[in-house]
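Tertiary structure, described
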Amino acid sequence: MQLISESIINQHFSVCNIEQLDTPTKQRLHSLGIHDGSNLTVIRFFPMHGPVIIEVDHQQIGVRYKVFRILVGGQL
Amino acid sequence: MTTVALMGNPNTGKTTIFNQITDSYAYVGNWTGVTVEKKMGNIKHSKVVVTDLPGIYSLNPITKDESVAINYLLTNDADVILNVTNAGQLKRNLLLSIELLEYGTPVIIALNMIDDLKRSGIYYDIPTLSKRLGCHIETTNARNKDGISQLRDKLLSMPTDQLREKPALKLEYPFMVQQAIRQASEQLVNHFDMSPSYARWLTIQYINKNKVIRKYAVHNKLTPLLEQKEYYDAQNFEDKIFKTRLAFIDSTLSAAQENLTDTKNVEMTSKIDSIITNPILGLPVFIAIFYLMFKISFDWIGTPLSDQLNSLLSGPISTYADHFLASIGAMPFLRSLIVDGVIAGVGGVLTFIPQIFALFACISLLEDSGYMARAALVTDRIMQTIGLNGKSFIPLIIGFGCNVTGIMAARTIEQPKERLITTLISPFMSCSARLPIYSLFVAAFFPRNQALIVLSIYFLGIAVALCMAKFYQIIFHVEDSTVFIVELPKYHIPRLDIIWRGTWDKSKGFVKKAGTVIFAGTVLIWLLSNFGPSGFVTNIDQSFSALLGKMMLPIFSPIGIQSWETISALFTGILAKEVISSSMMVLFHTTSQTALIATFGSMFTPVSAYALLVFILLYVPCFATIGTIKSETGSTKWVVYSVLSSLLIAYTLSFIIFQIGSLLF
């Protein structure tokens, strides 16, 4: 299992690759005001590639790890 | 008569506002999807009708729950839309507001949770916002009732006729999109008799790939839209619309934004979350919270109160009723019906009210504080292994209260297959109606470990549900889903009035059932056990229920049931699970729990008692649940399947428990 370093917690990323997600996920993220270029802060990871809590525009949401990986793209 | 439709993103406090401006009460919770159907009420002292619709992120629904709102817009004609927004997250809330403003019906926007916004050091100039959006705006803080009376006055004084003439919001979409909208809507106005603003809104929604609107267009043969479908999609107009809206919101908000002097705000939410959603502590905290909930409901508050109520009902009240009936010269037949039938049966169920109230109060507290969304997150990883997601956990937890509401709450789950699985496994969640019978048996056979035994039954229900979910995941080929996006609302300090209303709203169904289904059930059982093929019988062994029970005895004896009375009681449990214990009271001819418990001693061993509890946990869902499965899945096939499969599982498990248990103990 790949360990996620604590160092990326509270780091900022720029959202990208929303187009690569499935339609409902993309639609829901858009409705939450999250789009390519949004600023994303990592708040917390759950173990075993569980959900990731991210913060965008002062709102915290939980997404699946897989989605998170796509959203931060090559920045990790 | 004016009608107001209440719409907005989930978790913006719509239902709290609804409760405060209307006379009647609808159920509130601090997690996505509490409003599972639309609820209506009148504004106090007026004829204005308010409809509370489920929270939506956009008019294009992903979940079944969200489609209620768009269908409302297509079929109803509200005079005013009250768009409740979370002021702290205005950017994304306005994405929905734009869709509503384009619809053309007058909109009032309530900037709710305005205090949260101020605390973050930001404020908006309301006249600027109002001018740019072209609608009236009120600021509110519904939890503290701030701004509610102004909002109510505004709704009452709205000159709806004049407002209708005000043009709908028109955003400057890119030229190509603009042209497409104009062409299609002109044709819709000319050939389909639509108003210009409605035609424009419908076209925009169609271009925007709104699933409901696309079906609506096919159904109504709206050729101007259908013919252009490929063109709209190929040009990626949807994306262009989204970007235009976002740019409009950004410019609007920056024009209206005022920075307040920096407030030193200690973030309560993030402090609590450092423990509650801690990667390691999260799950133990979750288990601890639920353990505490059961302790409160059964050991600390619920059971002691129930015991007192029981001694009151079976002692003074039934003796007094018996004496009273004798003194007015009532027939022995009638006395028996009232004292042994109604008071024993209905009263026997009513004694469980304290436990049920305590359990619902705990669930309401968790919902109101904002914990439920965290629970979904903490449990997601586990649920993922069985092909479900953390959101399935919430309907299942609500199922502890009542399977019917649990199944209805499953509407917020995005994928149809996951929703179906959640619906099918929901009846295994031990609902509060099954509590009375557990309490009775644990008091009789496990007096020292009451909470633990009940908890084990609950966990067994969860375990069966999870195993079945895994089984369905395999046979339905559910792929690892990705649509799991949970908003984490800010924690609220729970408010006693909201919790009380939530508790009452959930419990009143139980009280109501005591007066209807349970009453009818006990009378039916009393009749069946006092009448036989030869008419009125004095010996219960010759009654109809004895005959029926005895006939089934060979089938039930392998799972440890040796008395026909128990079997007859189980049959009545299909009406409603609460009836089982009241039926037993009637069938065993007792009026008090103590006497019934003494009777059990000769009929069950602790092992057979436990096997019976497992059978009761899992066998056929009650009528109301069966009805809900039918309406939510829309198919009789699933209903039949659900009944048969649960019967099979219940029989197999209690068979194993009884046979192995008998060998060991």
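What counts, and at which threshold
- Residues numbered from 1 in each chain as written.
- Chains lettered and ligands numbered in written order.
- Predicted model: local features only at pLDDT ≥ 70, side-chain atom pairs only at ≥ 80, totals over all residues.
- Heavy atoms only, no water.
- Pairing = 2+ DSSP bridges.
- Helix = DSSP H or I, 4+ residues; strand = E, 2+ residues; numbered from the N terminus.
- Contact = heavy atoms within 4.5 Å.
- Buried area = accessible area lost by both parts, 1.4 Å probe.
- Salt bridge = Lys/Arg side-chain N within 4 Å of Asp/Glu carboxyl O.
- Polar contact = N/O pair within 3.5 Å; in protein donor to acceptor, adjacent residues only side chain to side chain.
- Nonpolar A, V, L, I, M, F, W, Y, C, P; charged D, E, K, R; others polar.
- Axes fitted to C-alpha atoms, helices over the stretch in contact; angles between N-to-C directions.
- Parallel < 35°, antiparallel > 145°, perpendicular 65-115°, else oblique.
- Left-handed = near helix turned anticlockwise from the far one by under 90°.
- Domains from an automatic or database assignment.
- Buried < 20%, exposed > 50% of the residue type's maximum accessible area, 1.4 Å probe, protein only.

1. Structural notes on the pairing of strand 2 (residues 39-42) of chain B
As defined by bridge partners, strand 2 of chain B adjoins strand 3 (residues 49-52) of chain B across 4 bridges and the pair is classed as antiparallel. Counterpart to Asn 42 of chain B in the pairing with strand 3 of chain B is Val 49 of chain B.

2. A closer look at the interface of chain B and chain A
Between chain B and chain A, the residue contacts involve 37 residues of the former and 32 residues of the latter. In total, chain B and chain A occlude about 3,200 Å² of area from one another, counting both sides; carbon and sulfur atoms represent 55% of this. Taken together, the links from chain B to chain A amount to 3 salt bridges. At the boundary of chain B and chain A, one finds 11 residue pairs in polar contact (both at pLDDT 80 or more). Counting residues per element, the ones that place at least two in the side of chain B that touches chain A are helix 3 (90-103), helix 13 (237-256), helix 14 (268-276), helix 19 (371-385) and strand 9 (486-488) of chain B. Of the residues forming the side of chain B that touches chain A, the biggest block, 5 residues, is contributed by helix 19 of chain B. For the side of chain B that touches chain A, the class distribution of residues is 14 nonpolar, 10 polar and 13 charged. In this structure, strand 4 (residues 59-63) of chain A lies alongside strand 9 of chain B, joined through 3 bridges in antiparallel fashion. Considered in strand 9 of chain B, the bridge of Ile 61 of chain A is made with Glu 487 of chain B.

3. Remarks on the packing of helix 24 (residues 450-475) of chain B against helix 31 (residues 606-618) of chain B
Residue and element names in this part refer to chain B. It is at 10 Å that the axes of helix 24 and helix 31 come closest, and there the two elements cross at 45°. The pairing of helix 24 with helix 31 is recorded here as oblique in orientation. In terms of crossing hand, the pair formed by helix 24 and helix 31 is right-handed. Counted together, Ile 453, Ser 456, Ile 457, Leu 460, Gly 461 and Val 464 of helix 24 and Tyr 610, Leu 613, Val 614, Leu 617 and Leu 618 of helix 31 form the full contact between these two elements. A per-class count over the contact of helix 24 with helix 31 returns 9 nonpolar, 2 polar and no charged.

4. Things to note about unusual backbone geometry
Even without being glycine, Asp 57 of chain A reaches a positive phi, approximately 50°. Along the chain, Asp 57 of chain A turns up in the loop between strand 3 (52-56) and strand 4.

5. What about the sheet that holds strand 5 (residues 107-112) of chain B?
Residues and elements named next belong to chain B. Pairing is mixed across the open sheet formed by 6 strands, whose spatial order is 2-3-1-4-5-7. Pairing within the sheet leaves two strands with one partner each, and these edge strands are strand 2 and strand 7 (136-139). Taking each pair of neighbouring strands and ignoring which way they run, the sheet shows an average axis angle of 25°. Here 5 bridges tie strand 1 (residues 3-8) to strand 4 (residues 80-86), and the two strands are oriented parallel to one another.

6. Considerations on the domain arrangement of chain B
Residue and element names in this part refer to chain B. When cut into domains, chain B gives domain 1 (3-164), domain 2 (175-259) and domain 3 (286-488 + 496-664). Across the contact, 26 residues belong to domain 1 and 28 residues belong to domain 2. Roughly 2,500 Å² of surface becomes buried between domain 1 and domain 2 when both sides are summed, with 66% attributable to carbon and sulfur atoms. Three residues, Leu 74, Glu 102 and Arg 132, lead the burial of domain 1 against domain 2; their summed loss comes to 24% of the area buried on that side. Scanning the region where domain 1 abuts domain 2 turns up 1 salt bridge. Salt-bridge contacts for Glu 102 lead to Arg 245; the nearest nitrogen and oxygen are separated by 3.0 Å. Summed over the shared surface of domain 1 and domain 2, the number is 10 residue pairs in polar contact (both at pLDDT 80 or more). Looking at the side of domain 1 that touches domain 2, the elements that each hand over two or more residues are helix 2 (64-75), helix 3, strand 6 (122-124) and helix 5 (126-133). Per-element tally for the side of domain 1 that touches domain 2: the top contributor is helix 3, with 8 residues. Classifying every residue of the side of domain 1 that touches domain 2 gives 15 nonpolar, 6 polar and 5 charged.

7. Some details on the pattern of salt bridges
If you walk through the whole model with that rule in mind, you get 15 salt bridges over all chains. Lys 26 of chain A is the salt-bridge partner of Glu 19 of chain A, the closest N and O atoms lying 3.6 Å from each other. By relative accessible area, which is 14% here, Lys 26 of chain A ends up buried. Across the salt bridge formed by Asp 368 of chain B and Arg 143 of chain B, the nearest N and O atoms sit 3.1 Å from each other. Residue Asp 368 of chain B is located in helix 18 (residues 353-369), and its partner Arg 143 of chain B is located in the loop between strand 7 and helix 6 (148-156); the two are separated by 225 residues in the primary sequence.

8. Structural notes on the sheet that holds strand 3 of chain A
Through backbone hydrogen bonds, the strands of a sheet pair up, either in parallel or in antiparallel fashion. Read across the open sheet, the 5 strands follow the order 1(A)-2(A)-3(A)-4(A)-9(B); overall the sheet is antiparallel. Only two strands of the sheet have a single partner each, and these edge strands are strand 1 (12-14) of chain A together with strand 9 of chain B. Taken pair by pair, the neighbouring strands of this sheet meet at an average axis angle of 35°, ignoring direction. Of the pairings in the sheet, the one linking strand 3 of chain A to strand 4 of chain A comprises 5 bridges and is antiparallel in character. For Ile 54 of chain A, the partnering residue across the bridge sits in strand 4 of chain A and is Ile 61 of chain A. Across the sheet, helix 2 (residues 65-72) of chain A lies against strand 1, strand 2 (39-45), strand 3 and strand 4 of chain A, angled at about 145° from strand 2 of chain A, the strand it touches most. The strands touched by helix 19 of chain B are strand 3 and strand 4 of chain A together with strand 9 of chain B; relative to strand 9 of chain B, the strand with the most contacts, the crossing angle is about 130°.

9. Comments concerning the environment of Lys 154 of chain B
All names here are of chain B. Looking at the secondary structure, you find Lys 154 in helix 6. Sequence separation between Lys 154 and Glu 138 is 16 residues; the distance between their C-alpha atoms is 8.8 Å. If we ignore the near neighbours within four places in the chain, the residues touching Lys 154 are Ile 108, His 136 and Glu 138.

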